[in-house]
Amino acid sequence: TLYIANTEQGRLTRESIDEAKLSSQRQLRAYVSAAPGKAFIANGEFGVVVQLKNMGVTPAFKTRCLWQLNIGVKPGKGDFDYGFENPNDDPIPTFDLYPNSTHSSMREYAISDAEMANIEAGTHVIRAFGIVFYIDAFGNDQTGKFFCYIDKTGYKLWLANFMAQPDDNRRPIVAPFKFTEGNNWASFS
């Protein structure tokens, strides 16, 4: 019985050490968030900047973000069933993202008259969605998805503020993107 007690105590000690190791990795790893920010419209094109930020205490290595901007129906709760297009099979640039540092990426989308009518009718929204990949300081692959949108009300408010700027000094301003329910930036694994 002494052998069994020592074996059980050893197993419990190993489990406790393993759990402490996992807990410290969760506390110390990189946490990358993504959020669309400033936007502009010019010559029928809508442009948006997505900003990645490492909110953790260690670097996010080989970070890459694949994202798109388009017009479509409002996504549903937890709706991540969408595809990505990389029509030219262009390589996705990688970069290291250090604690409290940011990286910005911009996309432009040419809005057709029909798409504009759908936004104004409230049947479609401007959507920004993507996937972020990185390797944490412990060598673990991390992935996170995001999906947000601007609806008719947000677009009209943003456009009025954007157009209120002088023509010769119009600058991108923050766009009122909403996150779809269940699709927030903190949901990264």
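Residues numbered from 1 in each chain as written. Predicted model: local features only at pLDDT ≥ 70, side-chain atom pairs only at ≥ 80, totals over all residues. Heavy atoms only, no water.

Explain the packing of aromatic side chains to me, and be specific about the residues and the numbers.
All told, the structure shown has five aromatic pairs when counted by the stated rule. Ring centres of Phe46 and Trp158 lie 5.2 Å apart, and the angle between their planes is 75°; on these two criteria the pair is classed as edge-to-face. Separated by 112 residues along the polypeptide, Phe46 in strand 2 (residues 45-54) and Trp158 in helix 3 (residues 152-163) bring together distant segments of the chain. The two residues Phe46 and Trp158 agree in class, both being buried. Where Phe129 meets Phe147, the ring centres are 5.0 Å apart and the plane angle is 40°; that geometry is what we call tilted. Of this pair, Phe129 sits in strand 6 (residues 125-135) while Phe147 sits in strand 7 (residues 141-150), and the two are 18 residues apart along the sequence. Relative accessible area serves as the criterion here: at 2%, Phe147 is assigned to the buried category. Members of the aromatic cluster, connected to one another through ring pairs, are Phe46, Tyr155, Trp158 and Phe162. Positioned over the ring face of Tyr31 is Arg29, at 4.1 Å from the centre of the ring. (Phe/Tyr/Trp six-rings, centres within 6.5 Å; stacked < 30°, edge-to-face > 60°. Helix = DSSP H or I, 4+ residues; strand = E, 2+ residues; numbered from the N terminus. Buried < 20%, exposed > 50% of the residue type's maximum accessible area, 1.4 Å probe, protein only. Lys NZ or Arg CZ within 6 Å of the ring centre and 35° of its normal.)

Tell me what's going on with the pairing of strand 2, and back it up with residues and numbers.
Pairing between strand 1 (residues 32-42) and strand 2: nine bridges, direction antiparallel. Bridge pairing in strand 2 links Ala42 to Glu45. Between strand 1 and strand 2, which pair antiparallel one after the other, the connecting turn spans two residues, and Asn43 there sits at a positive phi close to 50°. With nine bridges connecting them, strand 2 and strand 5 (residues 102-110) associate as antiparallel partners. For Glu45, the partnering residue across the bridge sits in strand 5 and is Ala110. (Pairing = 2+ DSSP bridges.)

Pulling in residues and values, what's your account of unusual backbone geometry?
A positive phi angle is found at Lys62, which is not glycine, with a value near 50°. Residue placement: Lys62 occurs in strand 3 (residues 60-72). Its identity is not glycine, yet Asn100 carries a phi of approximately 65°, on the positive side. Among the secondary structure elements, Asn100 is positioned in the loop between strand 4 (95-97) and strand 5. A relative accessible area of 59% means that Asn100 is categorised as exposed.

Give a description of the environment of Ala121 that names residues and reports values.
Take Ala121: it is sitting in helix 2 (residues 113-121). Each C-alpha atom of the pair Ala121 and Lys152 lies 7.4 Å from the other, and the pair is 31 residues apart in sequence.

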